[in-house]
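If you want the building blocks of each chain, they are given just below.
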Amino acid sequence: MSLLRRSRSLLLASAVAAVVVSSGVALIGTAQAATTLGASAAQTGRYYGAAIAAGRLGDATYTGILNREFNSVTAENEMKWDATEPSQGRFTYTNGDRILNQGIAMGAKVRGHALLWHQQEPGWAQSMSGTALRNAMMNHVTQVATHYRGRIHSWDVVNEAFADGGSGGRRDSNLQRTGNDWIEAAFRAARAADPAAKLCYNDYNTDGINAKSTGIYNMVRDFKARGVPIDCVGFQSHLGTTISGDYQANLQRFADLGVDVQITELDVAQGGNQANIYATVTRACMAVSRCTGITVWGIRDSDSWRTGENPLLFDNSGNKKAAYTSVLNALNAGGPSSPGPSSPSPSVSTSPQPGGACSASVSLNSWNGGFVATVRVTAGSSGVNGWTVGVNLPAGSAVTSTWSAGNSGTTGTVNFRNVSYNGRLAAGGATEFGFQGTGAGPTVSPSCAAA
Ligand code: XIL
């Protein structure tokens, strides 16, 4: 509210003031039952996402549902190793970037999937081993995470590295045979390349407390104890016609280790229980405050990798199924906010860079059709006498008013410059400015430069 009050007092034109008033109405509206998955999840600070395929983005029914319902996207295949490094050292990001840009255009969070996985390795890597393979693995992590630096909400750094069955141990693979420390090495390389992304371990058959999930639990506990950078655990949740009674308890025990949990690849075999199982998974995430979002692995049944199982929320024609309604109701029933009780949570942020000239982070308050952004500018270790901040807006968005800064341009990359009273910042000192806009807010961290 203080933002709105502050902006009102600074705005002179009544036409712009009307935008502020209508935004207030829209913000109140978001507290009522939402009518799309993304808006409903956002009420508690969560996201609702879908795995999407670059090859389907020309299908209007598909993109219509995508744009309407989801506020997170995952590349179904386009960011995997075989797609991004088809021959050693030659990186191709065309299709991965199509997924990224679709997410940015929607104002959605983008999940990165997956940096290292024993499946969908390019042929050249499949035939490697030992030190050469370890070096190639780490180079891959570094290059891909660097390419997408600052633009990925969460990366699946390592996918499916634990064995099925009762051993609770690692799966054999050429990756594993480079040494048991390959997972922590990958997480450290990913952190160095993209400090803003949350780093996740992701796996399947972890839908309850069992030997495999306990093996992963022990690894995460060990990583947290030793300071290996891990922020989240993904539970793929490719489910059949039943769900384990301790699904929620399993999420909670991971959250209690101090990591976020995410449902990353949800799909449920069609059958009498499909809607109920979807509701159970949704309620479990809503009940765990560190469960930050849910992703379904495709949009319509006809988009699913599980051919013939009809495991998704929309039928082949794009109609909402009973499972859709059960998910929406469970999201609207609410639960503890995520993360923690304070809201709204910043949707984009970077931590101050010690030693750098300055850094900027943005907190967004968005609604359908508009947003207010508050940008915090923090000086590095030497202080600054003036600053400029560059913010990339998604296509279709525009700045309508700015306070405590001046801006050049209103669309695309908009540059903001300090005003007379807030240009000088002591070492480590900070100031804030803000702007209001139409369309979706920025999803990429702003850049900051000393003037
Ligand atoms: C699947 C894709 O959906 C298919 O298109 C592809 O042929 C194989 O991979 N676990 C994962 C996902 O982590 O990457 C997989 O996606 C499904 C299982």
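Preceding block: the structure.
Below is a summary of the structure that appears in this document. All values reported here derive from a predicted model rather than from experimental measurement. All residue numbers refer to positions counted from 1 along the written sequence of the respective chain. Local features in a predicted model are, by the rule used here, given only for residues with pLDDT of at least 70; side-chain atom pairs are given and counted only at 80 or more, and totals for whole chains, interfaces and linings are based on all residues. Values shown for side chains rest on all heavy atoms present in the structure; no hydrogens or waters enter the calculation.

### So, the overall build of the protein chain
Rules: Secondary structure elements are defined from DSSP: runs of H or I of at least 4 residues count as helices, runs of E of at least 2 residues count as strands, and each element is numbered from the N terminus. When a residue's accessible area, from a 1.4 Å probe over protein chains only, is under 20% of the maximum for its type it is buried; when over 50% it is exposed; and in between it is partly exposed. Should any heavy atoms of two residues lie within 4.5 Å, those residues are considered in contact.
Check the secondary structure of the protein chain and you find 13 helices and 17 strands. Scored against the burial criterion, the 451 residues of the protein chain give a buried share of 54%. Sequence-distant contacts in the protein chain: of pairs separated by 6 or more residues, those separated by 24 or more amount to 75%.

### Some words on the state of the cysteines
Applied cut-off: Cysteine sulfur atoms are paired as a disulfide whenever they come within 2.5 Å of each other.
Evaluation of the coordinates by the stated rule reveals 3 disulfides. Shown here is the disulfide that connects Cys200 with Cys232, its sulfur atoms set 2.1 Å apart. Between Cys200 and Cys232 the disulfide shows an S-S torsion of about -90 degrees. By sign, it is left-handed. Linking Cys200 in strand β5 (residues 198-203) with Cys232 in strand β6 (residues 232-235), this pair joins segments that are 32 residues apart in sequence. For the pair Cys200 and Cys232, a shared accessibility class is recorded, and that class is buried. For Cys358, the disulfide goes to Cys448, at an S-S distance of 2.2 Å. Between Cys358 and Cys448 the sulfur-sulfur dihedral comes to about -110 degrees; the bridge is accordingly left-handed.

### Observations regarding the packing of aromatic side chains
Rule in force here: Pairing of aromatic side chains here covers Phe, Tyr and the six-membered ring of Trp, requires ring centres within 6.5 Å, and sorts the geometry by plane angle: under 30 degrees stacked, over 60 edge-to-face, intermediate tilted.
Summed over the entire model, instances satisfying the criterion amount to 13 aromatic pairs. Ring plane angle 70 degrees and centroid distance 6.1 Å describe the contact between Phe187 and Phe223, whose orientation is recorded as edge-to-face. Here Phe187 is found in helix α9 (residues 182-193), whereas its partner Phe223 is found in helix α10 (residues 211-226), with 36 residues between them in sequence. For Phe187, a relative accessible area of 0% gives the class buried. By relative accessible area, Phe223 is classed as buried at 1%.

### Describing the side chain of Thr74
Along the chain, the position of Thr74 falls in strand β2 (residues 72-75). Judged by its relative accessible area of 0%, Thr74 is buried. If we skip the residues at most four places from it in the chain, Thr74 touches Ala50, Ala51, Ile52, Ile99, Arg111, His113, Thr295 and Trp297.

### Brief notes about the site of the ligand
Basically, it comes down to this: A cutoff of 4 Å decides nearness: a residue is near a molecule or strand if any of its heavy atoms lies inside that distance of it. Any pair of N or O atoms that falls within 3.5 Å is considered a polar contact. Within protein, one atom must be able to donate a hydrogen and the other to accept it, and sequence-neighbouring residues count only if both atoms are side-chain atoms. Surface exposure here means Shrake-Rupley accessible area, sampled with a 1.4 Å probe, where a residue is shielded only by the protein chains that are shown. Ten residues, namely Ala, Val, Leu, Ile, Met, Phe, Trp, Tyr, Cys and Pro, are considered nonpolar, four, namely Asp, Glu, Lys and Arg, are considered charged, and the remaining ones, Gly among them, are considered polar.
Within the structure, the ligand sits among 13 residues, and Glu76, Lys80, His113, Glu265 and Trp297 are positioned closest to it. Interatomic distance of 2.7 Å between a side-chain N/O atom of Lys80 and an oxygen atom of the ligand. Within the side chain of Glu265, one N or O atom sits 2.8 Å away from an oxygen atom of the ligand. For the ligand, the protein covers 79% of the area, taking 410 Å² as the surface of the free molecule. For the shell around the ligand, a count of residues per class yields 3 nonpolar, 6 polar and 4 charged.

### Remarks on the environment of Pro394
By the secondary structure assignment, Pro394 is in the loop between β12 (387-392) and β13 (398-403). Here Pro394 falls in the buried class, since its relative accessible area comes to 3%. A C-alpha to C-alpha distance of 6.7 Å links Pro394 and Ala440, two positions 46 residues apart in sequence. Ignoring anything within four residues of it in the chain, the contact list for Pro394 reads Ile104, Ala105, Ala440, Gly441 and Pro442.

### Considering unusual backbone geometry
Between His113 and Ala114 the backbone carries a cis peptide bond, its omega angle lying at -10 degrees. Within the element layout of this structure, Ala114 appears in strand β3 (residues 109-117). Despite not being glycine, Gln120 has its phi angle at roughly 50 degrees, a positive value. Residue placement: Gln120 occurs in the loop between β3 and α7 (123-126). In this structure Gln120 comes out as partly exposed when scored by relative accessible area, which is 28%.

### Things to note about the sheet that holds strand β14 (residues 406-408)
Where we set the bar: Only strands that DSSP links by at least two bridges are regarded as paired with each other. Think of each axis as a best-fit line through the C-alpha atoms, taken over the contacting stretch in the case of a helix, with angles from 0 to 180 degrees between the N-to-C directions.
With antiparallel pairing, 4 strands are arranged side by side in an open sheet as β14-β15-β12-β17. Edge positions in the sheet fall to β14 and β17 (447-450), since each has one partner strand and no second. Averaged over neighbouring strand pairs, the angle between their axes works out to 25 degrees when direction is ignored. Sheet topology places β12 next to β17; 4 bridges connect them, and they run antiparallel. When the bridges of β17 are listed, Val389 appears paired with Cys448.

### Considering the nonpolar core
Rules: We call a set of buried Ala, Val, Leu, Ile, Met, Phe, Trp, Tyr and Cys residues a nonpolar core when their side-chain atoms join them within 4.5 Å.
Ranked by internal contacts, the top residues of the largest apolar core, which has 93 residues, are Tyr48, Phe70, Trp155, Phe187, Ile263, Leu266 and Leu313. Here Phe187 is in contact with Val157, Val158, Leu199, Cys200, Tyr201, Phe223, Val228, Pro229 and Ile230, once residues within four sequence places are set aside. Cys358, Val377, Val391 and Phe416 belong to the second largest nonpolar core, which has 22 residues in total.

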